[in-house]
Amino acid sequence: MLRRSLQVFVALSLVALAVVLGYAALRLRGPEEMLREAQACYDRGEYARTVVVLDHGARSHSLSRDPSKLARLYRLRHAAQLQLDNAPAALQDLERLLSVSGSPDTELALEHVRLLAVVGRGQDALVEAKALLAREPENGRAMELAGEALQSVYRDELAAVFAAVDRDHGLGRSGPARAALLAYLYRPDPDVEVGRGLSALAEIYAARPAVAANWPVLQRRLVALRELVQTSLRWFRDALERPGQPVAAMRGLAWSLRQAARHDDLFALCEIYRRRFDHRYVFEAGAAAAWAMVDQGQPEAALAASLRWLPAGSVAKTTPANQFPPEVGDLLLARFAAARSLENATALDTLASDVRALEAIGVATGPVNALVHGTLNGLRKQPAQAEKTLRW
């Protein structure tokens, strides 16, 4: 009996030892080792793997008792989720990080406002942005985020108003009404076109008895909507006057100027932005200016503007190897559209040289390459080669 008991004890001991060795073989580590592995995954660009490692580590009881390591976990997982374009998960981790942080962090608070707007919680984002501005009235980034949050608040109403105008007048006949509506909503208060736009809309509705009764309700909606739009734009203008590198503010103002057909002001804004800042989004301002000129039937000015932002021969030098920032791509497409409109083979050849320089450093230029070379082949009366090239 004793012998059998000893055999059972030895067997159980061996099983326990095997379990211990198994855990060791599986390399189950403490929180610090887990965080180092997750950081290494993140540094290698393995963002999904980073999240998996951190998800397993988050179950550790020892980690839950260490606020500093828990904060590192949430911060790193938040960053990885952003790289994976998973804004809801990034927001959850950011909120967890804020809950374990010992002191207020303005940068984290700003990021929280941004993510709230991204996931569609515009009203919550607006409330937090206003609270930030109450504490830091000169914070330009908070002004930007307040403008973006307000845009997300009124976005659905803006779409509904345009849908109502199209429904009342028909998609094919609503052009004049839409133009008047844009002038009323997006032009600033001193501009006489604001009043003219509203009057023009009233006349358009009065001229059609079938929809005239819709005007009083629509007018009240427009008055309320204009106040929201203009408040958002005021925050964007204020942000551009503060230190920092405002991007959303430039986008918001550029969009409003284009909607209001204030093309000269749009070009001036983009030119000032080019002279003031030095980052990749300057090319976005250049694309906005060049495309506005293309749309206005001014291809010569569009071509000159695109070359001023990104001179011929400098494209490869300003583009990281194996990367093709969408801002640069959009600017090159505007340059192509202008050169194509002019049927300027010399300008297209120069653009083709820039495209080849990008391809030489491993940048896949996609449709830009196909359009440029396909158009050149067409201008040279080589239709078969043009068709082949355009099948990118």
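Rules and cut-offs
- Within each chain, residue numbers correspond to sequence positions counted from 1 in written order.
- Per-residue local features of the predicted model are confined to residues with pLDDT of at least 70, and side-chain atom pairs are confined, for both listing and counting, to 80 or more; whole-chain, interface and lining totals are unaffected and use all residues.
- To get the side-chain values, all heavy atoms of the structure are used, and hydrogens and water are removed first.
- Every helix listed is a DSSP run of H or I at least four residues long, and every strand listed is a run of E at least two residues long, numbered separately from the N terminus.
- The contact rule is simple, with two residues in contact once any of their heavy atoms fall within 4.5 Å.
- Here, Shrake-Rupley sampling with a 1.4 Å probe gives the accessible areas, and only protein chains in the shown set may cover a residue.
- We count Lys and Arg on the positive side and Asp and Glu on the negative side, and we leave His and both chain ends out.
- For the purpose of locating charges, the reference atoms are NZ of Lys, CZ of Arg, CG of Asp and CD of Glu.
- Remark: exposure states derive from per-residue accessible area (1.4 Å probe, protein chains only) relative to the maximum for the residue type, with buried under 20%, exposed over 50%, and partly exposed in between.
- Each aromatic pair joins two rings of Phe, Tyr and Trp (for Trp, the six-membered one) with centres within 6.5 Å, and gets the label stacked for planes under 30 degrees apart, edge-to-face for over 60, and tilted for any other angle.
- How far a helix is expected to stretch is found by multiplying one less than its residue total by 1.5 Å.
- Identification of polar contacts relies on pairs of N or O atoms within 3.5 Å, with a donor-acceptor requirement for protein atoms, meaning one able to donate a hydrogen and the other able to accept it, and with residues adjacent in sequence counted only if both atoms are side-chain atoms.
- In the sections that follow, a salt bridge refers to a side-chain nitrogen of Lys or Arg positioned within 4 Å of a carboxyl oxygen of Asp or Glu.
- pLDDT runs from 0 to 100 and stands for how confident the predictor is about each residue.
- Axis definition: a line fitted to C-alpha atoms, limited for helices to the stretch in contact. Angles are taken between N-to-C directions and run from 0 to 180 degrees.
- Should an angle lie under 35 degrees it is considered roughly parallel, over 145 roughly antiparallel, and from 65 to 115 roughly perpendicular; all remaining angles are considered oblique.
- Helix crossings fall into two classes, left-handed where the near helix is turned counterclockwise from the far one by less than a right angle and right-handed where it is turned clockwise.
- We call Asp, Glu, Lys and Arg charged. Ala, Val, Leu, Ile, Met, Phe, Trp, Tyr, Cys and Pro are nonpolar, and the rest, Gly among them, are polar.

Chemist: What exactly am I supposed to notice about the overall build of the protein chain here?
Modeler: Along the protein chain, the regular secondary structure elements total 21 helices and 0 strands. With respect to the principal axes defined by its C-alpha atoms, the protein chain has extents near 105 × 60 × 45 Å. A sequence separation of at least 24 residues applies to 58% of the contacts in the protein chain between residues at least 6 apart. For the protein chain, the exposed area adds up to about 20900 Å²; of that, 56% sits on carbon and sulfur atoms. Averaged over its 48 positive side-chain charges, the protein chain has a centre that lies 5 Å from the centre of its 44 negative ones.

Chemist: Would you explain unusual backbone geometry in this entry?
Modeler: For residues other than glycine, phi is negative in most cases, and the peptide bonds are mostly trans. One non-glycine residue, A261, lies in positive phi territory at about 60°. Along the chain, the position of A261 falls in the loop between α14 (248-259) and α15 (263-276). At E343, a position not held by glycine, the phi torsion is positive, near 50°. The topology assignment puts E343 in the loop between α18 (326-342) and α19 (345-360). Its relative accessible area of 52% is what places E343 among the exposed residues.

Chemist: Sorry, what's going on with the packing of aromatic side chains here?
Modeler: The tally for this structure, following the rule as stated, stands at 4 aromatic pairs. Seen in terms of ring centroids, F267 and W309 are 6.4 Å apart; in terms of plane orientation they differ by 75°. Their pairing is edge-to-face. Taken together, the residues span a long stretch of sequence, with F267 in helix α15 and W309 in helix α17 (residues 299-309) at a distance of 42 residues. Among the residues examined, F267 registers a relative accessible area of 22% and is labelled partly exposed. On the accessibility criterion, W309 (6% relative accessible area) is buried. Ring geometry for Y273 against F277: centres 4.6 Å apart, planes inclined by 50°, an arrangement best described as tilted. F277 matches Y273 in its accessibility class, with the two residues each being buried.

Chemist: Teacher, can you tell me more about helix α20 (residues 367-379) here?
Modeler: An ideal rise of 1.5 Å per residue puts 18 Å on 13 residues; α20 measures up with 18 Å between its terminal C-alpha atoms. By the burial criterion, the buried members of α20 are V368, A370, V372, G374, T375, L376 and N377. Note on α20: the residue one or two positions beyond its end, K381, has a positive phi of about 65°.

Chemist: Looking at this structure, I do not really get the side chain of E144. What am I missing?
Modeler: Relative to the assigned elements, E144 resides in helix α9 (residues 140-169). Within polar-contact distance, the side chain of E144 engages the side chain of R141 at 3.0 Å. Polar contacts involving the side chain of E144 include one to the main-chain amide nitrogen of A249, which spans 2.8 Å. When residues no more than four places from it in sequence are discounted, the contact partners of E144 are F236, A239, P246, V247, A248 and A249.

Chemist: Where do I start with the pattern of salt bridges in this structure?
Modeler: Side chains that differ in sign of charge can pair as their charged atoms come close. Taken as a whole and assessed by the stated rule, the structure comprises 31 salt bridges. Measuring nitrogen to oxygen at the nearest pair gives 4.0 Å for the salt bridge that ties R36 to E33. One end of the pair, R36, and the other, E33, are both in helix α2 (residues 31-43), 3 residues apart, so they sit about a helical turn from each other. Assessed through its relative accessible area of 49%, R36 is described here as partly exposed. On the basis of relative accessibility, which here comes to 33%, the residue E33 falls in the partly exposed class. Between R335 and D354 there is a salt bridge, and its shortest N-O distance comes to 2.9 Å. Placement of R335 in helix α18 and of D354 in helix α19 is noted, with a sequence separation of 19 residues between them.

Chemist: Can you walk me through the environment of A180 in this structure?
Modeler: Within the secondary structure, A180 sits in helix α10 (residues 175-186). A C-alpha to C-alpha distance of 4.3 Å links A180 and G197, two positions 17 residues apart in sequence.

Chemist: Help me understand the confidence of the model for the protein chain in this model?
Modeler: In regions of low pLDDT, the predicted coordinates are not meant to be interpreted in detail. Averaged over all residues, the pLDDT of the protein chain is 88; the fraction at 70 or higher stands at 90%. In the model, residues 18-27 has pLDDT below 50 throughout and makes 1 contact with residues more than four positions away in sequence or in other chains.

Chemist: How do you make sense of the packing of α15 against α17 when you look at a structure like this?
Modeler: Helix-helix packing: each pair is described by the crossing angle between the helix axes and the interaxial distance. For the pair α15 and α17, the least separation of the axes is 11 Å and the interaxial angle reads 15°. What the angle tells us is that α15 and α17 run roughly parallel. Judged by the twist between their axes, the crossing of α15 over α17 is left-handed. The residues of α17 that touch α15, namely those facing F267, C270, E271 and R274, are A305, R308 and W309. Partitioned by chemical class, the residues of the contact of α15 with α17 number 4 nonpolar, no polar and 3 charged.

Chemist: Would you mind going over the environment of V51 with me for this structure?
Modeler: Mapped onto the elements, V51 comes out in helix α3 (residues 47-57). What makes V51 buried here is its relative accessible area of 9%. For the pair V51 and V368, spaced 317 residues apart in sequence, the C-alpha to C-alpha distance is 36 Å.

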